[in-house]
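Here are the chains, one letter per residue:
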Amino acid sequence: MNCIQCNLEVKDGKRFCSECGAPQFLLCPACNSQSPLGKSFCSDCGTAIGAPHTPSKQADSKNIEKKPAAIDETKEINSGERKVITVLFADIKGSMELIEHLDPEDARALVEPALQLMIDAVLHYDGYVVQTTGDGIFAMFGAPVVHEDHAHRALYAALRMQSKLKEYSARICAEGYQPIQGRVGVHTGEVVVRPLRIGNGQVEYTPIGHSTSLGARLQTLAPVGSIAASEAIRQLCEGSCEFNDLGLTKVKGVTELVKVYEVTGMGKQRTRMQRSAGQGFSKFVGRARELDAIKTAVALAQAGSGQVLAIVAEAGTGKSRLIFEAMADIRAAANVLETSSVSHGKTSYCLPLIELLHLYFAIEAQDDEYKRREKVINKIADLDPKLVDIHAYVLNLLNLGSSDDTLLEGDERTQELRTWEGIKRLFVRESVNRPLTLIFEDLHWIDDQTQEFLNVLTDAIGTARILLIVNYRAEYVHQWGNKSYFTQIRLDPLGQSTATEMLGAMLGSNEQLSDLKRLIVEKSSGTPFFMEEMVKALFDDGTLARDGKVILTKKLDELDIPSSVQAILAARIDRLPSQAKEILQTLAVIGREFPMPLILSVTGLSQDKLEKQLKELQLGEFIYETTVFGEKGYIFKSALTQDVAYNTLLVERRKILHERIGASIEAVFLSSIDDHIAVLAYHYGRSNNIDLGMQYLTHSGRQKLMEARKSSGLGSLHALIKSENTEFASDVRTTVSTIDSVESIWRYPVKSMAGEKLASVFVSDKGIVGDRVYAFVDEESNRTAVVRKWADNFLNYHPHFVSEPKAGSEIPTLQIVMPSGETITTSNSDVEERISTAFARKLKLLATAPPGLLIEVPKGTLGGSLSEVTEFPLGGGAPAGAFFDYGCLHLIASSTLDHLQKVYPKGRFDVRRFRPNIVIQSDAAAFIENSWVGRTIAIGNELVLRVSIPCPRCISVTLAQDDLPRDPGILRAIAEQNMCDLGDFGNLPCAGVYAEVIHAGKIQCGDTLRFVE
Ligand SMILES: Nc1ncnc2c1ncn2[C@@H]1O[C@H](COP(=O)(O)OP(=O)(O)OP(=O)(O)O)[C@@H](O)[C@H]1O
Ligand SMILES: [Mg+2]
C-alpha cells in the first residue's frame, strides 16, 4: 500500500506512514472509530465516512480521502498535466422562480439538498467537484485521478443525478413547493489540469481548455430535466447509454456547428465485449494454442478434477474475446454462469457475486422482492434440502432478508464468512448434478468481498466438477499460484502476421492500404482493441471510406490516438508511483529507446535510484531492457504508450526536457557526436533553443543530402525524397499558370559573397554561367567557409564580372567592392593578400573546387559544448568544379517572401537573405515551390529545369549584411510556416527549391514559366 499523502510505501498493517506520519485510515465523524481506506461506511455505526458537507471541503470528503492514494500532489503542483477528461456541468433549472417568494433560509433549505445530491452523484462515480455555484456544480472525471472510463462515469453520474433529483422534486412537491429540475451538460476532451494550493495543505484542481467551455455550453442546451452530450461522448459511450440525436446546433464560441445528443438512459451493453458484439465482431484470428488450453481445462473439470484457469493480459489484448470464442466448447460441457467487475465497482459490495447469483436463481429486473425470495428458496430446496441453512445468508446478500431474520448467526463478520461458505457449498452441490463453469471477468476491479468469496471457492474446487475461469490485467495479484489445479494463460498481443490478417479482414486487400496497415500494426503493437479503435477513428474522420472496397481518401503520415485508447494507456501510466511516472514521461521525450548513460545524465539520479525506478517500469511492462549504441538501455514496449506519456506533458515542460536531453546527448556522446546530429536537431528543434535546433537541423539535412548525392548522383536524388507533392502537383497544373514570370535573376560570382542582380543570363547545364565560380579557400586546412563562420563578413563584399562570362570560355576578371568602398580585382596579384588580411588567415582564390575541399561550419553548429568546428566535403553532388553546396540553380517565389513578410512583419524578408538565382513573380499560395518538386519547368524559350528538392534553410538567412540587420526571427518564421519532410534527410525548414538543368538556355526578367508534362 502507498501512503495517502506522500505516496511512499507503507507496510501492510501499519496505521501511519513512517515517512510523513500521515494516518492510513478513515475516521468516522460520528463515533470516531477507525476504518480502512476505501470503505464508504463506518462498520461500527453505519455513518457515511467523511461524506462532504460542502464541495469546497472536498479534502475532508470520502472522495478526497480516497484520492491521494493515486495523486501525488507535489508533482502536480510543480507542473500540471495535459489530460483527456470528461467535464460535467449541472444546474437547477428555474431556481429563481423556485425561491422567489421564500425566505433566504428556506430557499437554502430547499436548494442545498438538491446541490448535495448532485455532488453525491459525482462522488459516487469517483468524479471531482471543481466548483459549485449557488444552484449548480462543475465536475470532472478522469482527473485528478485518471479513469479509463471517465466518459462512462460522467454519464452514469449524470443519470443518477437526474433520477435522484426527480425523487427529490416529487418529495418537495408533496410538501407544496414548486418542482425542481436539473440540466446537465457533458463533454470529453483535452485540457490542462492545473493544481492550486488553497492553504491548509489542500489542493484544488481546475481544468483549463476549450473542452471545459463546450461542456458548460452544452448544459444550457440540455432539455430541462435531461442531459446533453457531445459527439465525442457519444463515440465513447454508444451502447453503454442511450442517445437521442438533437441535431447540429450553433454553440457560442465555436465556429462550426456542434452535434448535440440527449442522453436518455442506460444502454444494454455494459462491458466492452458487449459493445464490440453490438458493433459486430472483427474476424477472430490466431489464439489456437490458448483455445486448446481452455479445452483441456474444460475436460479436466468435467472429469471431476476442478480447475482454476486464469487469462492475463493488458487491456484490449483479447481476454474476453478468447473466452467468448471458447464458449461453444464450454457450454457443451457444463452449466455456465458469467459475471464481471466494473471499473467503478471496486467499492460496491459484492457486485459481481450478486450478479452471478441473480443469473443462477434466474432473478430478473422486473421481479418484486417476494418473487425473488421465492426463486431463491425454491431453487435451493430443489437442489438439496440439506442446504436450507444457507437461505438466510444468500437472501441477506441479495438484500432480500428481513432485519429480524433470526437465522443469521454471529456478528457481521461471521455472517459474511458463512455467506461465502454457503455459496461455495451451493455451487459444489450444483456441480454434482452437472459440471459448472463460473466465469469472473476483470478481477483487477474486483471488490474485497467478492475476492474473499473467490478465495474460499478456489480452496474447494480441486475435487469438484467446477471450472473457474477468470481474467485480469497484469496489475492484479492473487494467491492461487501454488494450487496444482491453477493454470495461467498469458495472452500476448497478436504477432505481426496475425495482426495483419485481422486488419485484412477489416479493410480488405486493397494494395493502397498496405502502408496504413503496416503503420497500424506497428503503432498498436498488435493489440486488437487498439487496432479496431484506430480503424474506427479513421472511418469516423473520413480518412477511410467504403466505395465497393475500403479506400484511403487522403495521405496519411501519422495516426491520431483514439480517445478510448488514450484513456486506457493514460490510466495505466497514472497508476505508476509518481517518480516512476515522471521518469516514464522523460523517457517518452527521449524517444522509443534510450541508453542507460543518457538516462542517467538526463534525470540526474544516482544509478541505484534510477535502476529502482526502471525496474518498476519494467515490471509494469512499460519498457524492456535492450542494447542501445552498444550500451545497456531500454525500449518502450509500445509506441502508443510513448506517445500518450509524451502527450501528458505540458508543452513548456516538453521544451525544457528536449533541451536537457540535447545537452545530455552532447555531453554523453561527445566523441561520436556526428552520429547524433539528426537526433540533436530533433531535440533542440523542439526546445526553447530553436536557433541551436535550426543549426543542427540544417546541418543534419545537409549531411544526409551530401551523402545521398555523392552515392547516388543527381538523377536519382528526387527518388530519395519522400515527396508529399505528387498529388498536390497535379492540382497545381491548372492553378500555376503562365502568368508566373521571372522577376529577378541573381548571380554569386564568389561563394559566400554578395550577389549581382542581372536582367538576363545564360544558364548552362552547370547553372547560371559565372555563378559560384570562385571561392576563397583556407590554404592551410583546404577548407572553404560558408557564411556562418569566419566568413560571416563575406556577405558585405560585392563581386561583379568586368565582362559577361561565357560557358566554356575563360572566366573574366572580377572586381570586388570591399565594405570600405575600395575595389580590388582578380587581375591584381594582391587580391588574395587583401582578403587574407581582412579575414586574418591565409586565403587562396580558387576557380575550381579541388578534390577533398571541405566546408567549415561554425562552432555553434555542433552545440556549445564542442570545441571543434565541423567540416564536410563541399558540394557532394554538385557538378564537378563548381562551388555549389548542393544545387546548381535555386528558385524562390515572390508569394513565399510576401507571405513570410506578412506573418513576421518586423522581419525584413529581403531577397538578398535567401541568395536565390531566380525569383519567380507569382500570385499563387505561399511555398508554392514545394509543389514544383519533381516537375519539369520551361522558362523563356530555351531553358528547361527539373525541380529536385525544397531548399533547406539555415542561419545564413538571419545574418546581417549591408543594411539588413541580424534577425533570428527570419529562420523561425520559415520553420513555423514550412517544415518539409525531406524523407531520409529529415524534416527541415524550407523556402524555395533547387533545380537541375535539363536543357540550357538564355533567360531574362519577364520570361514566363510553363510546366512541361
Ligand atoms: N484474436 C482476435 N481476433 C480478432 N479480434 C480480436 C481478437 N482478440 C480480441 N479481439 C477484439 O479486440 C477487442 C478487445 O478484445 P477484448 O475485449 O477481449 O480485450 P480484453 O483483453 O478483454 O480487454 P479488457 O482488459 O479491457 O477487458 C474486441 O473488440 C475483440 O473482439
Ligand atoms: Mg475484457
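Residues numbered from 1 in each chain as written. Chains lettered and ligands numbered in written order. Predicted model: local features only at pLDDT ≥ 70, side-chain atom pairs only at ≥ 80, totals over all residues. Heavy atoms only, no water.

**What about the pairing of strand E5 (residues 136–141)?**
Next up, step 1: With 6 of its 6 residues buried, E5 lies for the most part within the structure.
Next up, step 2: Of the two faces of E5, the one holding Gly 136, Phe 138 and Met 140 and the one holding Ile 137, Ala 139 and Phe 141 are both buried throughout.
Next up, step 3: Taken together, the 6 bridges between strand E3 (residues 81–93) and E5 define a ladder with antiparallel strand orientation. Within E5, the residue paired with Asp 91 across the bridge is Gly 136.
Next up, step 4: Taken together, the 5 bridges between strand E4 (residues 128–133) and E5 define a ladder with antiparallel strand orientation. Directly across from Gln 131, in E5, lies its bridge partner Phe 138.
Next up, step 5: The turn joining E4 and E5, which pair antiparallel and follow one another in sequence, is formed by 2 residues. (Buried < 20%, exposed > 50% of the residue type's maximum accessible area, 1.4 Å probe, protein only. Helix = DSSP H or I, 4+ residues; strand = E, 2+ residues; numbered from the N terminus. Pairing = 2+ DSSP bridges.)

**Some thoughts on the nonpolar core**
Next up, step 1: Judged by nonpolar contacts, the single largest core of 65 residues is most densely connected at Ile 520, Leu 544, Leu 584, Leu 587, Leu 614, Leu 617 and Ile 623.
Next up, step 2: Broken down by element, the residue count for this core peaks at 7 residues, all from helix H20 (residues 578–590).
Next up, step 3: Contacts of Ile 520, omitting those with residues within four sequence positions, involve Leu 503, Met 531, Met 534, Val 535, Leu 538 and Leu 559. (Core = buried A, V, L, I, M, F, W, Y, C linked by side-chain atoms within 4.5 Å. Contact = heavy atoms within 4.5 Å.)

**Some remarks on the site of ligand 1**
Next up, step 1: Around ligand 1 lies a shell of 23 residues, among which Arg 272, Gly 316, Lys 319, Arg 321 and Glu 532 are the nearest.
Next up, step 2: Between ligand 1 and Gly 316, the relevant distance is 2.7 Å, taken from an oxygen atom to a main-chain nitrogen or oxygen of the residue.
Next up, step 3: Look at ligand 1: alone it shows 630 Å² of surface, and the protein chains cover 98% of it.
Next up, step 4: Residues that form the shell around ligand 1 fall into these classes: 8 nonpolar, 6 polar and 9 charged. (Near = heavy atom within 4 Å. Polar contact = N/O pair within 3.5 Å; in protein donor to acceptor, adjacent residues only side chain to side chain. Areas by Shrake-Rupley, 256 points an atom, 1.4 Å probe, with all protein chains shown as cover. Nonpolar A, V, L, I, M, F, W, Y, C, P; charged D, E, K, R; others polar.)

**Observations concerning helix H16 (residues 496–507)**
Next up, step 1: In a regular helix each residue adds 1.5 Å, so 12 residues correspond to 16 Å; H16 covers 16 Å between its end C-alpha atoms and thus fits that length.
Next up, step 2: Among the residues making up H16, those that are buried are Thr 498, Ala 499, Met 502, Leu 503, Met 506 and Leu 507. For H16, the buried positions fall inside an angular range of 160 degrees around the axis, keeping them on one side.
Next up, step 3: Those residues of H16 that are buried lie in contact with helix H17 (514–524), helix H18 (528–540), strand E16 (544–547) and strand E17 (549–552). (Expected span 1.5 Å × (residues − 1). Arc of directions from axis to C-beta.)

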